[in-house]
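Structural overview for review
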Amino acid sequence: MPAPFGAPPKSQIFAETQMADVDPQKKVMGMCLLVTQDALTRCLVQLSKTKGDQRSEWLLEFENELVRDAKDIVTEGVPMNDELVLVESAIKYLKFIFDGARREIAEKSKDE
């Protein structure tokens, strides 16, 4: 059902409500993650070009190295259960970025 005349769509109301409820520092961190994600993806795509035939092997090794490093990070003052969840989330995010880079590399390979 469409929104009444003059009323914003429900999706806009939902988005505004969601953003209004978010701490400004979290908004900044979210934007930083988006920018960093884009930058890392671009770097991975560009670096893969220099690896030629070994690009998929190199990308997997690099991803595995970063995942190992993430598991070794020690946070101070964070309860063990929280740290586990945070590290698992960070690893999922890393994998998400690498998967995106692989898709972009595959798309660019088709164009060449």
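Here's a quick rundown of the structure. (Residues numbered from 1 in each chain as written. Predicted model: local features only at pLDDT ≥ 70, side-chain atom pairs only at ≥ 80, totals over all residues. Heavy atoms only, no water.)

Once that is clear, we can look at the side chain of Glu-63. With respect to the helices and strands, the residue Glu-63 is situated in helix α3 (residues 55–72). Not counting residues within four places of it along the chain, the set of residues in contact with Glu-63 comprises Lys-95, Phe-98 and Arg-102. (Helix = DSSP H or I, 4+ residues; strand = E, 2+ residues; numbered from the N terminus. Contact = heavy atoms within 4.5 Å.)

Tracing the backbone shows Ser-48 in helix α2 (residues 24–51). On the basis of relative accessible area, Ser-48 is assigned to the buried category, the value being 1%. Not counting residues within four places of it along the chain, the set of residues in contact with Ser-48 comprises Arg-55, Trp-58 and Ile-105. (Buried < 20%, exposed > 50% of the residue type's maximum accessible area, 1.4 Å probe, protein only.)

By volume, the largest pocket amounts to about 200 Å³. Residue lining of the largest pocket: Leu-33, Thr-36, Leu-40, Leu-86, Ser-89, Ala-90, Tyr-93, Leu-94 and Ile-97, and that is the complete set. Of all the secondary structure elements, the ones that give two or more residues to the lining of the largest pocket are α2 and α4 (80–111). No other element matches α4, which puts six residues into the lining of the largest pocket. (1 Å grid on protein atoms, 1.4 Å probe; cavity = no way out; pocket = protein on both sides within 12 Å on 5 of 7 lines; lining within 4 Å. Points joined across faces, edges and corners; volume = space filled by probe spheres on them.)

A few words now on the packing of α3 against α4. In the contact formed by α3 and α4, the axes pass within 10 Å of each other and the chain directions differ by 165 degrees. The angle between α3 and α4 falls in the class roughly antiparallel. Between α3 and α4 the crossing geometry is right-handed. Facing α3, whose interface residues are Arg-55, Leu-59, Leu-60, Phe-62, Glu-63, Leu-66, Val-67, Ala-70 and Lys-71, α4 presents Val-87, Ile-91, Leu-94, Lys-95, Phe-98, Arg-102, Ile-105 and Ser-109. Of the residues contributing to the contact of α3 with α4, the split by class is 11 nonpolar, one polar and five charged. (Axes fitted to C-alpha atoms, helices over the stretch in contact; angles between N-to-C directions. Parallel < 35°, antiparallel > 145°, perpendicular 65-115°, else oblique. Left-handed = near helix turned anticlockwise from the far one by under 90°. Nonpolar A, V, L, I, M, F, W, Y, C, P; charged D, E, K, R; others polar.)

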